[in-house]
Amino acid sequence: MFPGRMTLSPPGPPSGPPEELQELAFIERPIRRSLKTAEEIDQLTVDEDLNDVERAVYLLSVGQEVQRASVISNLPTLVRQNPAETFRRVVPKVREVLNGAGAEIQLAAATSFLTILQDDIILIHTHTYSILKTVLLHLNHRDAVVSSAWLETLLSAINALPKETIKQEVLNPLLYQSQLSHSLQARLAACRILGKASCKFDSLIVKKELLPLARSLCRDVESEVRVCMSRQLESMARAIGVDDTRTELLPELLELAGDEESSVRLAAFDSIISLMEMMDGDDRLHLLVPLVMSACDASSQVDEGVMVSLSFQFGKLCSGLAGSLSEEQKQLLLQKFQVLCLTGLPTEENQMDVSESTLIRCNCCYNLPAMVAFVSAAHFLSDLYPSFSGLCSDPEVSVRRSVAASFHQVVKLLESNVHVVHKELLLLLQDSALEVLDALMNHLDETLEVVLSRGDNLILDNKLPELLSALLSAEHKVGSSLRWRLHEKLLHRYSCLSRLLPGELLHQTFSARIFIILTTNKVLPVQKEAARTFCTFLRYNRKQEQRQEMMERLIQDLAQGRSYWNRLRFLDVCEIATEIFSRKYFNKHFLIPALELVHDPVANVRYKLCQLLPRLRSSLRLPADKLLLQKLDFCVQKFLCREKDKDVVAMIRKTVLELDKLDLSEPFHKRHEWDLLDQKKEKEEMLLLEMEQLERQQNDGKLNADKHMERKRRDSKTSLSSTKSMSVSSSTGSSSSGKEARKAKLSRSRSLSSQPTSSKPVNSDRPLKVKDLSSSSGLGKSTRDDSVRTAHFSLTTQSTSSMPVLIRSKTTSLLDQASVLEQREHRTSTLDHRTGNRDHRNNMMEHRTSSLEEREHRTSTLDHRDHRTSTLGQRSKTMERGSGMKDSQSRKLSINRKSSSFQSERE
């Protein structure tokens, strides 16, 4: 089947191009060369029984250079552990090694000695003196870098040395080194040593011994020496005082300010501005103001270095000279600042180096707060706003970053005029460079607090949506980048919005976005900061419905979420909630959902819960939280009995030991300080609830007031029509009832006059007439009642026809009296009618003001009428009873008369 057998080739070297083989061989050579031989390994081996000091001495004696550098770098640690032995045995060896050592060991020794001096490890001046000897020995090293390192060590040693040591060991050699015969490096070191040593001595010594040396260095032939000495004159001026500075140092500085070298002029200019606080008003007016005005007037001839220094010191100059400047000079300084803000831009005629011009504009941004204070907030719009707006829209990112860093100071100084810079705030929030946003976020909470609280309400309401949109767009821009630290900072700053924005607006705009970040962002620090911000929004929200909605989202999307990652985030939220909320609120809303995660199928969630159990238990207090404590103990028991994951088991055992240390029944005065803080949090939460109730009551009161006003309007419209109809009906009813009453009276009088009456029941007729008067004066009676009463009177008069005629005269007199009384009643009724009309008008006015009073007036009127009707009814009943008794008496009299007449006839 197989035609032949396959032949196998013998193994050989790997096939490939020869160039690749050569490269592999080249890589292997350094590896082989880097290996140490047995002899070299023996030389690097140190006995393990040696202590640290003995090992250091051994390596400094026989070790290699790398070992010696390591020992010298570790010298501060040896001094901390055993200073006496180190200075007795190791430091002398270091001094021996430094003789002829290379730059690496020299720099290591200078750095180690500087660390020892700065950390205050040395307690004995003799040790400092030993270091000083080593420093002075190598101060004039030929390498400039090494010499500079030893100089820094010497300047630090001056602070720790006594005055006598400094005078003998440092200042005496300094007189010799400051001479022109010495090197430039030595003279530069002398300048710095003079400035440092002047702070250690009193003014008399400085004036007699150090100041002449400083004058000679100010007149040195090398410009570098003059520059260095000019910068040290500030320290010497503070040492000798104000009076000697005016007479001794200011002339030297003014002379240096006119030096031929620009660097010398710049250094002198900086020193003069630094000494401005030591000058009185006359010195500022006659020395400093002309110097500054000359720099501002001849701006085109000033060097770039002076321009940079002037731009950096401009705010300090304006603040210090504000009381010594005229209005014209102030305007000149302001114009100079406006020119500096445009330095290097395409609109400027004199072009400068890009880096220098950018630095000048950055310095102008740094001085913006001082310039706002210089011109006052009232004149900001006219004097500084164009320059400020130009810096906010500068083409260079560094300039916009600088103005963003000082933006919070500007808005604080503007106070109520903060709405002027609203456009610039939006520009910085919407800037494309994240560096600008980073600088703005450092103090964004302070900026927003001023903008949202001090601005004009009407203007703020119109511009608030734009600001909120810019804040959201800034968060989206930062969130979509890889700058997660900036995103974390931004979320932390946004938490201040809970105190500045209304709860409804905050809930609609920011709460939802923060919750999305909490559930979707993959960076753990960003998620935790989002959880903190969300809990802050939740705590300061005043509406119960919105708080309930936010808690439901936390429970449903995180605690009961499908992803274990979300359940882990809920435990992070619980950990943060213990810091933000009170124990009472936390136990009510967070504790039980957290304990339910004991049943979680993912071990990481259970592990996180075990870590959180001590914090959960510390939020409980007996006996109020007894039931919650039982649930927590049940959770711990379940972990101990049913947990199978080894990491969770190890964590729950560690947690149980921590839980045993907690004492929940501890009295209040023995609790920790954060218990008092918890009490404060609970009071704040109660205050928020009370504020919520007050807001609801105010809203309900407003609604009731609106409804009340609507009812007033409706009732006023209906009352006008009803009062008109009532007035018409009452006038017609009163006129008809008056006519009917008069007719009844006439019929009664006629019936009484036509019938003969007797003389005995005269007194019984008076109440009858009183009844007639009362019935006639009553209002609202019907005609039917009057006809019944007239018929009743006619029957009684017929029954009493046998009365004597003498009673008629009295009857007529009574009728006359009744007519007089009727006239009086008519007059009183007319007056009552007029007063009633007036009262009705008054009632109409009162009805227009208050519908409730109108209703009460109506009810009172109806009650009064019912009362009068009932009174008239009772009077009529009493009159009828009286007339009935009179009829019975008259009948008895007639029967007695008839019987008497019958007996007389029989007799």
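How each quantity is defined
- Residues numbered from 1 in each chain as written.
- Predicted model: local features only at pLDDT ≥ 70, side-chain atom pairs only at ≥ 80, totals over all residues.
- Heavy atoms only, no water.
- Helix = DSSP H or I, 4+ residues; strand = E, 2+ residues; numbered from the N terminus.
- Buried < 20%, exposed > 50% of the residue type's maximum accessible area, 1.4 Å probe, protein only.
- Contact = heavy atoms within 4.5 Å.
- Areas by Shrake-Rupley, 256 points an atom, 1.4 Å probe, with all protein chains shown as cover.
- Bend = angle between axes of the 7 residues up to and from the residue.
- Salt bridge = Lys/Arg side-chain N within 4 Å of Asp/Glu carboxyl O.
- Polar contact = N/O pair within 3.5 Å; in protein donor to acceptor, adjacent residues only side chain to side chain.
- Axes fitted to C-alpha atoms, helices over the stretch in contact; angles between N-to-C directions.
- Parallel < 35°, antiparallel > 145°, perpendicular 65-115°, else oblique.
- Nonpolar A, V, L, I, M, F, W, Y, C, P; charged D, E, K, R; others polar.
- Core = buried A, V, L, I, M, F, W, Y, C linked by side-chain atoms within 4.5 Å.
- Expected span 1.5 Å × (residues − 1).
- Disulfide = S-S within 2.5 Å.
- pLDDT = per-residue confidence, 0-100.
- Phe/Tyr/Trp six-rings, centres within 6.5 Å; stacked < 30°, edge-to-face > 60°.
- Left-handed = near helix turned anticlockwise from the far one by under 90°.

Asker: Could you give an account of the overall build of the protein, with specific residues and numbers?
Answerer: Counting secondary structure elements, the protein contains 44 helices and zero strands. Considering the protein as a whole, with its 907 residues, one finds that 42% of them fall into the buried category. Across the protein, the fraction of contacts at a sequence separation of at least 24, relative to all contacts at a separation of at least 6, is 72%. Counting only carbon and sulfur atoms, one obtains 53% of the accessible surface of the protein, whose full area is about 51200 Å².

Asker: Report on helix α17 (residues 304-321), specifying residues and quantitative values.
Answerer: A maximum bend of about 55 degrees is found in α17 at Q313. Counted residue by residue, α17 has 13 buried out of 18 residues, so it is predominantly covered.

Asker: Which residues make up the pattern of salt bridges, and what are the values?
Answerer: One pass over the full model with this rule turns up 30 salt bridges. Across the salt bridge formed by E169 and K133, the nearest N and O atoms sit 3.3 Å from each other. Taken together, the residues E169 in helix α10 (residues 163-177) and K133 in helix α8 (residues 125-137) connect sequence positions 36 residues apart. Put simply, R569 and D572 hold a salt bridge, and the shortest N to O gap is 2.7 Å. Pair noted here: R569 and D572 are both in helix α34 (residues 564-580), with a separation of three residues, about one helical turn. One salt-bridge network, in which partners are shared between bridges, spans R215, R219, E248 and E252.

Asker: An account of the side chain of E169 is needed here, citing residue identities and associated values.
Answerer: The exposure class assigned to E169 is buried, which follows from its relative accessible area of 17%. A distance of 3.3 Å separates a polar atom in the side chain of E169 from a polar atom in the side chain of K133. Here E169 is in contact with Y129, L132, K133 and L136, once residues within four sequence places are set aside.

Asker: Could you give an account of unusual backbone geometry, naming the residues involved and the relevant values?
Answerer: With a phi angle near 75 degrees, S376 is a residue other than glycine that sits in the positive phi range. Mapped onto the elements of the fold, S376 is located in the loop between α20 (368-375) and α21 (380-383). Assessed through its relative accessible area of 29%, S376 is described here as partly exposed. Unusually for a residue other than glycine, E415 sits at a positive phi of about 55 degrees. The residue E415 is located in the loop between α24 (407-414) and α25 (422-429) in this model.

Asker: Which residues make up the packing of helix α22 (residues 385-392) against helix α23 (residues 397-405), and what are the values?
Answerer: One way to put it is that α22 packs onto α23 with a least axis distance of 8 Å and a crossing angle of 125 degrees. Taken together, the axes of α22 and α23 are oblique relative to one another. Listed contacts from α23 to F388, L391 and C392 of α22 are V399, R400 and V403. Of the residues belonging to the contact of α22 with α23, the class tally is five nonpolar, no polar and one charged.

Asker: Help me get a handle on the nonpolar core, residues and values and all.
Answerer: By size, the foremost hydrophobic cluster in this structure holds 209 residues, and its most contacted members are L471, L497, L554, F590, L613 and L616. Considering each element in turn, this core owes the most residues, nine residues, to helix α13 (residues 223-240). Non-local contacts of L471, meaning those with residues more than four positions away in its chain, are made with L429, L444, L448, Y494, L497 and F510.

Asker: Describe helix α32 (residues 524-539), with residues and values.
Answerer: Here α32 spans 23 Å end to end across 16 residues, near enough to the 22 Å set by a 1.5 Å rise per residue. Counting buried positions over the 16 residues of α32 gives twelve, a clear majority of the element.

Asker: Please provide a residue-by-residue account of the state of the cysteines, values included.
Answerer: One pass over the structure, following the stated rule, counts zero disulfides. In this structure C191 is a free cysteine whose sulfur lies 4.5 Å from that of C228, the closest cysteine sulfur available. Taking relative accessible area as the criterion, C191 reaches 0% and is therefore assigned buried. There is no disulfide at C635, and the cysteine sulfur nearest it, in C610, is 7.2 Å away.

Asker: How would you summarise the environment of V372 if you had to cite specific residues and measurements?
Answerer: With respect to the secondary-structure elements, V372 resides in helix α20. With relative accessibility at 2%, the residue V372 sits in the buried group. Remark: the alpha-carbon pair of V372 and L414, spanning 42 residues in sequence, is separated by 7.9 Å. Apart from the residues lying within four places of it in its own chain, the contact partners of V372 are A377, F380, L384, V410, L413 and L414.

Asker: Describe the confidence of the model for the protein, naming the residues involved and giving the relevant values.
Answerer: Per-chain confidence: the protein averages 76 in pLDDT, with 68% of residues scoring 70 or above. Confidence over residues 1-16 falls short of pLDDT 50; this stretch has one contact with residues more than four positions distant or in other chains. Throughout residues 728-732 the model reports pLDDT below 50, and contacts reaching past four residues in sequence, or to other chains, amount to zero contacts.

Asker: Go over the environment of A110, please, and point to the residues and values.
Answerer: Relative to the elements of secondary structure, A110 occurs in helix α7 (residues 103-118). Overall, A110 belongs to the buried group, its relative accessible area being 2%. Spatially, the C-alpha atoms of A110 and V146 are 8.1 Å apart, while their sequence positions differ by 36 residues. Beyond its immediate chain neighbours, meaning those up to four positions away, A110 contacts A149, W150 and T153.

Asker: Which residues make up the packing of aromatic side chains, and what are the values?
Answerer: Summed over the entire model, instances satisfying the criterion amount to eleven aromatic pairs. Between the aromatic rings of F380 and F388, the centroid separation amounts to 5.8 Å while the plane-to-plane angle is 65 degrees, which identifies the pairing as edge-to-face. Judged by its relative accessible area of 1%, F388 is buried. On the numbers, 5.8 Å between centres and 35 degrees between planes, the contact of F388 with F407 is tilted. Placement of F388 in helix α22 and of F407 in helix α24 is noted, with a sequence separation of 19 residues between them. No difference in accessibility class separates F388 from F407, as the two residues are buried.

Asker: Quick one: what's the story with the environment of A268, residue by residue and with numbers?
Answerer: Here A268 is to be found in helix α15 (residues 262-274). Taking relative accessible area as the criterion, A268 reaches 0% and is therefore assigned buried. A268 sits 15 residues away from L253 along the chain, and the two C-alpha atoms are 5.6 Å apart. Those residues in contact with A268 that lie beyond four places of it in its chain are S230, L253, L256 and A257.

Asker: Please give an account of the side chain of H138 that cites residues and values.
Answerer: Tracing the backbone through its elements, the reader meets H138 in the loop between α8 and α9 (144-160). A residue is classified by how much of its surface remains accessible, and H138, at 7% relative accessible area, is buried. With residues near it in sequence (within four places) discarded, H138 still touches L98, N99, Q106 and W150.

Asker: Break down the packing of helix α18 (residues 327-341) against α20 for me, with residues and values.
Answerer: For the pair α18 and α20, interaxial distance at closest approach is 12 Å and the crossing angle is 150 degrees. As judged from the angle between their axes, α18 and α20 are roughly antiparallel. Of the two elements, α18 crosses α20, and the hand of that crossing is left-handed. Across the interface between the two elements, K330, L334 and F337 of α18 pack against L368, M371, F374 and V375 of α20. Classifying every residue of the contact of α18 with α20 by side-chain character gives six nonpolar, no polar and one charged.

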